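# Chains, contacts and geometry: an overview
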Amino acid sequence: MFIDFFYKLRETGLDVSVNEWLTVMEALKKNLCKSSLTEFYYVCRSIVVRSESEFDKFDTAFADYFKDIKKFDQIPQEIYDFLENPKEMAEDFDKLAADLRNGNLTLEDLQRLLRERLEEQKERHDGGIYWIGTGGGSTMGHSGYSPKGIRVGGGEGRLRSALQMAGEHNYKDFREDNILDTRQLQVAFRRLRQFSSRVDGPKTELDVEKTIQKTCDNAGRLKLVFDRPRQNTVKLIVLFDSGGSMHRYSQMCSALFQAVSKSNHFKDLKIYYFHNCIYDQLYTTPECIYDKSVETNWVLRNLNKDYKVIFVGDAAMSPTELLSVGGNFYYGVFNEEPGIEWIRKFKKKYQNVIWLNPILESRWIHTYGYDTIRMISKEVDMYELTVSRMEYALKKLIASK
Amino acid sequence: MNNFNGSNEYVVSDDLMRSVNISMALEKPLLIKGEPGTGKTMLADAISKALGKKLIIWNIKSTTKAQDGLYVYDTVQRLYDSQFGTEGVNDIKKYIKLGKLGEAFNSDEQVVLLIDEIDKADLEFPNDLLWELDKMEFYIPETKETIKAKVRPIVIITSNAEKELPDAFLRRCIFHYIEFPNAEMMAEIIKVHFNNIDEYLLEKVLEAFYLIRDVRDVQKKPSTSEVIDWIQALAISGIDPDTIKETVPFAGVLLKKNEDLEAVEKAKERGFVRPRW
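Residues numbered from 1 in each chain as written. Chains lettered and ligands numbered in written order. Predicted model: local features only at pLDDT ≥ 70, side-chain atom pairs only at ≥ 80, totals over all residues. Heavy atoms only, no water.

## Digging into the overall build of chain A
- Of regular secondary structure, chain A possesses 16 helices and 14 strands.
- For chain A, the proportion of its 401 residues judged to be buried stands at 47%.
- Excluding contacts between residues fewer than 6 apart, the proportion of contacts in chain A whose partners are at least 24 apart in sequence is 70%.
- Carbon and sulfur atoms make up 50% of the accessible area of chain A, which totals about 20,800 Å². (Helix = DSSP H or I, 4+ residues; strand = E, 2+ residues; numbered from the N terminus. Buried < 20%, exposed > 50% of the residue type's maximum accessible area, 1.4 Å probe, protein only. Contact = heavy atoms within 4.5 Å. Areas by Shrake-Rupley, 256 points an atom, 1.4 Å probe, with all protein chains shown as cover.)

Shown next, in the form of structure tokens:
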């Protein structure tokens, strides 16, 4: 059942496996859905979806697959009300007559009939062959018999709400390609881990092998040996662009900053700021004041090549800022070497360098600064600052080259 | 069949109730995600009370290992005992202690097992429990025993989404995301905690509360437990409900960070109107 829907879900990008689908079938068999589309929506969603970021995808697929049913959503409340309490079918009901009468109707016919009845019908009807009702042989209603027909009411009454909900896209905010918040970023940063036990710290873990060895050496008297637990060895340099064109992304960058600075699992974390492009100085505060700056060469000399480097910036600037000697237009600070050379220096010294760009990748080719974006992304791997891309970027960052 | 309909002390949304019943009917663990303070942990308690079943809580910490939940073999104790020839050293069972998961499996009656904040543990932790949660059994090599659940426990797992859970694990769970309650729901929740609360005060408190939650610069958004404390404070001090929005008294009860307090202070001066850039 609903095999098409299964493939539809997979097409939408939900990673549904056969196992989960069998669970859905099991739920159907156990009548957890109570033959209602609304219940089916919830049951199916709770089994198939694994994160709130996927709700929207599910809603899209669901709305799309069941969209044709939507045409019957204008059933007046009164009709639902009387359909709530179905009448039994008459004993002498002529099934054959119903087959002959309704057997050849197409879906369009049925829809037309329903529309007509909805206009005419003013009261309850049961056991007949013409009106919307229960226990009869007409093409509309429920608890009746007809070879073809449209079920109206009887547990299905909330059909509308399921599709409505799916259509509303209530969970759009959680989509993974959306822009990040601090917590999501923190989760992303936890990917940056490389464990090693060769770091300082208290010895708290029992080393079984050595314990056995020592105990034997000790003529069988127990001697316990402890070792240091493994710890993360990742060291990170993060360089933020705090230039004018970054202002509109300040919210996002602040979230990123929060996430980085809260992540306490790094062995070492250095944060510097720059204005549009890096030159001779890096700044230690976002205001980029000369008083609070360090020589970029000092950084390159003193932070060894084990550090991983993340640039955060829009990379959009005037080409002269990137390519010219003296291109740094900021407070008249002169640079002997063009900005791009400094980027290359970082690239040369550190093996793992990435650039995160708050501008969406689809806009890189025609936004302001497209040429500098292109030039920089040739030097450094550039990724847009969204959850999914950033996770990918961090994976790249951790992989040793 | 078990059917959960909420309880007197726990206000449950239709959605959540549905998910709980689905997971019980399909005998699969229910994974609950949501903001802190949406009552994830309380849910298991409510279920156990409503169904009259024992609740076993396994609190996960960053150092917790999957093995701890199954059983612990106290080797060191046994080694020490063997040195002094203590009685029963050759009985290995004496040194095997069942963990929370083992306890739940070993129980004669169906229990509710809460695995709280599973995301606190190491990234690989959930993967180590796949088989155990699927088959509801595990093997103890030391005693050559298999602990198998007599009745499959109702398993509730909560996560704050600090870490992503592995796919294989998620596949085996029924997933439910608890949304932060809206004002209507929140009013209901508060009424469960306070027997006779002044309607007008409640209305004003919630108005201010949701405005504060909406202030963009607030990092740690106040949640249910904070608003309950806040109402308590406001009710005791007898503050005029009309002034709550303008003055935000006892803001420290709601907000735990200096930066957040300042952000709300600023927003208050603007009358909670968002600044335009």
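## Some details on empty space enclosed by the protein
- Per the counting criterion, the structure on display carries three cavities of 30 Å³ or more.
- Estimated volume of the second largest cavity: approximately 50 Å³.
- Taken together, Tyr 42, Arg 45, Ser 46 and Phe 55 of chain A together with Asp 15, Ser 19, Phe 175 and His 176 of chain B make up the full set of residues lining the second largest cavity.
- For the lining of the second largest cavity, the secondary-structure elements that each account for two or more residues are helix H3 (37-48) of chain A together with helix H1 (14-26) and strand S9 (174-178) of chain B.
- Among the elements that make up the lining of the second largest cavity, the one with the highest residue count is H3 of chain A (three residues).
- For the lining of the second largest cavity, the per-class residue count stands at three nonpolar, three polar and two charged. (1 Å grid on protein atoms, 1.4 Å probe; cavity = no way out; pocket = protein on both sides within 12 Å on 5 of 7 lines; lining within 4 Å. Points joined across faces, edges and corners; volume = space filled by probe spheres on them. Nonpolar A, V, L, I, M, F, W, Y, C, P; charged D, E, K, R; others polar.)

## Looking at the sheet that holds strand S2 (residues 54-59) of chain B
Residue and element names in this part refer to chain B.
- Here we have five strands laid out as an open sheet, ordered S2-S5-S8-S1-S9, and parallel in their pairing. Unpaired on one side and paired on the other, S2 and S9 mark the two borders of the sheet. Strand-to-strand twist in this sheet, taken as the mean axis angle between neighbours without regard to direction, amounts to 20 degrees.
- With four bridges joining them, strand S5 (residues 111-116) and strand S8 (residues 154-159) adopt parallel strand pairing. Of the residues in S8, the one forming a bridge with Val 112 is Ile 154.
- Running at roughly 165 degrees to S9, H1 makes contact with strand S1 (30-34), S8 and S9 of the sheet.
- The sheet strands contacting helix H2 (residues 40-51) are S1, S2, S5, S8 and S9, and the helix crosses S8 at an angle near 165 degrees. (Pairing = 2+ DSSP bridges. Axes fitted to C-alpha atoms, helices over the stretch in contact; angles between N-to-C directions.)

## Description of the confidence of the model for chain B
Residues and elements named next belong to chain B.
- With 97% of its residues at a pLDDT of at least 70, chain B reaches an overall mean of 85.
- The lowest-confidence element of chain B is helix H4 (residues 75-83), averaging 81 in pLDDT; the highest-confidence one is S2, averaging 94.
- Confidence metrics for the complex model read pTM 0.61 and ipTM 0.76. (pLDDT = per-residue confidence, 0-100.)

## Thoughts on the pattern of salt bridges
Residue and element names in this part refer to chain B.
- Taken as a whole and assessed by the stated rule, the structure comprises 27 salt bridges over all chains.
- A salt bridge links Asp 108 to Lys 150, with the shortest nitrogen-to-oxygen separation between them at 3.2 Å. Here Lys 150 lies in the loop between strand S7 (145-148) and S8 and Asp 108 lies in the loop between helix H5 (100-106) and S5, a separation of 42 residues in the sequence.
- Judged by its relative accessible area of 62%, Asp 108 is exposed.
- With a shortest N-O distance of 3.4 Å, Glu 265 and Lys 268 are connected by a salt bridge. With Glu 265 and Lys 268 both in helix H14 (residues 258-269) and three residues apart, the pair spans about one turn of that helix. (Salt bridge = Lys/Arg side-chain N within 4 Å of Asp/Glu carboxyl O.)

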